[in-house]
Amino acid sequence: MQYTASAFYYNFKKSEKIIAAYFHFICTIISHMKISGFTIIRNAVLNDYPILEAIGSILPVVDEMIVLIGNSDDETEQLIQSINDPKIKIHHSVWDDSLRKGGRVLAVETDKAFQLIDPSSEWAFYIQADEAVHEKYHPAILEACKKYKDDERVQGLVFKYLHFYGTYDYIGDSRKWYDHEVRIIKNDKTIHAYRDAQGFRVGKTKLNVKPVDAYVYHYGWVKSPVSMMRKRKNVSRFWSEDTKEWREFLEEEDFFNYDDFDSLQKFAGTHPSVMKERIEKMNWNVELDLSKKRFDFKDALLYRFEKLTGIRPFDFRNYRII
């Protein structure tokens, strides 16, 4: 997919104007609160990350946006510069490629970006390069930040998640997809990214958080079958050590089999407005049979229980809701 930053940003600015009046009201309420956004990125063009959309999706709710660019083999920096917004603050880093186990380098780089945010900010809003937040959730996010800004018990805010798979029409609905994660944290430098930066902790202690009535849309599994396999090979070095199995994986055909899923459902909602151009340019077709459910007996019972009750028992939580 070719990036057309000018067209993307035109659409973003257009949608921004639509909600400008409402946001004027919100911003008046929170005039004494400062939120910093932060993210990391490397080889955005090579791996076709929706980083423009990720940044654009939270830009209206942050006062600054820290973008830490890793040593890249493509035009990642030019891509970020094309946003041309005074909130964007670009920094550079060289990734330690020896940190291959469990995606540890991603946490290291996330911590670096967190350290760069303005000390006067009360909150830090983390967005990954394949995530986006629908603009309809901006008011709820700002209201939650305002509500818990001075509550010392609250260390972060936890979001609900939608994981898209194959195309923008399918979402994963099984236990293999995490359904919540922390994306806003207090500007407390004792907090650090955990494992592969999926979440945050203080030392080994989970954060005390409050839920925010908002979703993060995760698009990491939406690419053409060829692009998906190439991306998986490119980023596998951040999780896999140099073994025979890993080298054999790199020799596999550049084609990802999207039929290898346990359970999906059709997405019935709308996408963030910043995703409009990218969705319109989708040039592949993946037809998936939603009637197929590939569970063992235990997971089938847990899946059905969750669908009936809305409760996900025995699930790992990377945080503690208070």
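Residue positions are given per chain, counted from 1 along the sequence in the order it is written. The model is predicted, so local features are restricted to residues of pLDDT at least 70 and side-chain atom pairs to those at 80 or more, both for listing and for counting; the totals for chains, interfaces and linings are taken over all residues. No hydrogens and no water enter the side-chain calculation; it runs on all heavy atoms of the structure.

Trainee: I'm lost on the overall build of the protein in this one. Help?
Mentor: Helix and strand definitions here come from DSSP, where helices need a minimum of 4 consecutive H or I residues and strands a minimum of 2 consecutive E residues; each element is numbered from the N-terminal end. For the protein, the count of helices and strands is ten helices and 14 strands. Computation of the radius of gyration draws on C-alpha atoms, with the globule rule given as 2.2 Å multiplied by the number of residues to the power 0.38. Over its C-alpha atoms the protein spans a radius of gyration of 19 Å, differing by no more than 12% from the 20 Å that the globule rule assigns to 322 residues. Per-residue accessibility, obtained with a 1.4 Å probe over protein chains only, is compared with the maximum for each type, and a residue is labelled buried under 20%, exposed over 50%, and partly exposed between these values. The buried share among the 322 residues of the protein stands at 52%. Across the protein, contacts joining residues at least 24 apart in sequence account for 80% of those joining residues at least 6 apart. The Shrake-Rupley method, run with a 1.4 Å probe, gives the accessible areas here. Residue values count only the displayed protein chains as cover. Carbon and sulfur atoms make up 53% of the accessible area of the protein, which totals about 15600 Å². For the protein, the distance from the average site of its 48 positive side-chain charges to the average site of its 49 negative ones is 4 Å. It only takes one pair of heavy atoms within 4.5 Å for two residues to be counted as in contact. Positive charges come from Lys and Arg, negative ones from Asp and Glu, while His and the chain ends are left out of the count. Here the site of a charge means NZ on Lys, CZ on Arg, CG on Asp, or CD on Glu.

Trainee: Hey, could you run me through the environment of serine 82 in this one?
Mentor: By secondary structure assignment, the location of serine 82 is in the loop between helix 4 (76-81) and strand 3 (88-93). Since its relative accessible area comes to 30%, serine 82 is described here as partly exposed. Taking the C-alpha atoms as reference points, serine 82 and leucine 52, 30 residues apart in sequence, are found 9.1 Å from one another. A polar side-chain atom of serine 82 sits 2.5 Å from the main-chain carbonyl oxygen of leucine 79. Think of a polar contact as two N or O atoms within 3.5 Å of one another; within protein, one of them needs to be a possible hydrogen donor and the other a possible acceptor, and neighboring residues in sequence only count if both atoms come from side chains.

Trainee: Explanation requested: the nonpolar core in the structure shown.
Mentor: If you look at soluble globular proteins, the nonpolar side chains tend to sit buried side by side. Phe38, Phe125 and Ile141 are the most contacted members of the largest nonpolar core, which has 88 residues in total. Examining the composition of this core, we find that seven residues originate from one element, strand 6 (residues 156-165), more than from any other. When neighbours within four sequence positions are excluded, isoleucine 141 is seen to be in contact with Phe125, Val133, Phe159, Ile184, Val212 and Ala214. By nonpolar core we mean a set of buried residues, namely Ala, Val, Leu, Ile, Met, Phe, Trp, Tyr and Cys, connected to one another through side-chain atoms within 4.5 Å.

Trainee: Quick question: what am I supposed to make of the pattern of salt bridges here?
Mentor: A side chain of one charge can pair with a side chain of the opposite charge if their charged atoms are brought near each other. A pair is scored as a salt bridge if a Lys or Arg side-chain nitrogen falls within 4 Å of a carboxyl oxygen belonging to Asp or Glu. According to the stated counting rule, one finds 22 salt bridges in the structure shown. In this structure, the salt-bridge partner of glutamate 53 is arginine 278, at a minimum N-O distance of 3.2 Å. In this pair, glutamate 53 sits in helix 3 (residues 51-58) while arginine 278 sits in helix 9 (residues 276-280), placing the two residues 225 residues apart along the sequence. Each member of the pair, glutamate 53 as well as arginine 278, carries the same accessibility label: buried. Aspartate 254 is the salt-bridge partner of arginine 230, the closest N and O atoms lying 3.3 Å from each other. With arginine 230 in helix 7 (residues 225-235) and aspartate 254 in the loop between helix 8 (244-250) and strand 13 (264-266), the pair connects residues that are 24 residues apart, well separated along the chain. A single salt-bridge network, built from bridges that share partners, covers Asp179, Glu306, Arg312, Asp315 and Arg317.

Trainee: Just checking my understanding: could you explain the packing of aromatic side chains for this structure?
Mentor: Each aromatic ring pair is summarised here by two numbers: the centre-to-centre distance and the angle between the ring planes. Two rings from Phe, Tyr or Trp (for Trp, the six-membered ring) form a pair when their centres are within 6.5 Å of each other. A pair whose planes differ by under 30 degrees is stacked, one over 60 is edge-to-face, and the rest are tilted. With the rule as written, the count across this model stands at 22 aromatic pairs. With 5.1 Å between their ring centres and 35° between their planes, phenylalanine 38 and tyrosine 126 make a pair best called tilted. With a gap of 88 residues between them, phenylalanine 38 in strand 1 (residues 35-41) and tyrosine 126 in strand 4 (residues 123-126) connect regions that are remote in the sequence. Of the two residues, phenylalanine 38 and tyrosine 126, neither departs from the other in class, the shared state being buried. Ring plane angle 90° and centroid distance 5.2 Å describe the contact between tyrosine 165 and tyrosine 258, whose orientation is recorded as edge-to-face. Residue tyrosine 165 is located in strand 6, and its partner tyrosine 258 is located in the loop between helix 8 and strand 13; the two are separated by 93 residues in the primary sequence. Like tyrosine 165, the residue tyrosine 258 is buried in the burial classification. An aromatic cluster is built from Tyr165, Trp177, Trp221, Phe256, Tyr258 and Phe261, whose rings are joined through pairwise contacts. Here, a charge over a ring is recorded when the distance from Lys NZ or Arg CZ to the ring centre is within 6 Å and its angle to the ring normal is within 35 degrees. Here the guanidinium or amino end of lysine 189 rests over the ring plane of phenylalanine 114, the centre of that ring lying 4.7 Å away. Here the basic side chain of lysine 223 rests over the ring of tyrosine 49, its NZ or CZ set 5.8 Å away from the ring centre.

Trainee: Just to check I follow, could you spell out the pairing of strand 12 (residues 208-221) for this structure?
Mentor: On a regular strand, one side chain projects to one face of the sheet and the next to the other, so that they alternate. Burial analysis of strand 12 places ten of its 14 residues in the buried class, which makes it a mostly covered element. Here strand 5 (residues 131-133) runs beside strand 12; their pairing, made up of three bridges, is antiparallel. Residue pairing for strand 12: alanine 132 is matched across the bridge by tyrosine 217. Two strands pair when backbone bridges link them, and strand 6 and strand 12 are joined in this way by eight bridges, in the parallel orientation. Following the sheet pairing, glycine 156 is matched in strand 12 by valine 209. Of the strand pairs in this sheet, strand 12 and strand 14 (residues 320-321) are connected by two bridges, and their pairing is parallel. Bridge pairing links valine 209 to isoleucine 321 in strand 14. Any two strands with at least two DSSP-identified bridges between them are counted as paired.

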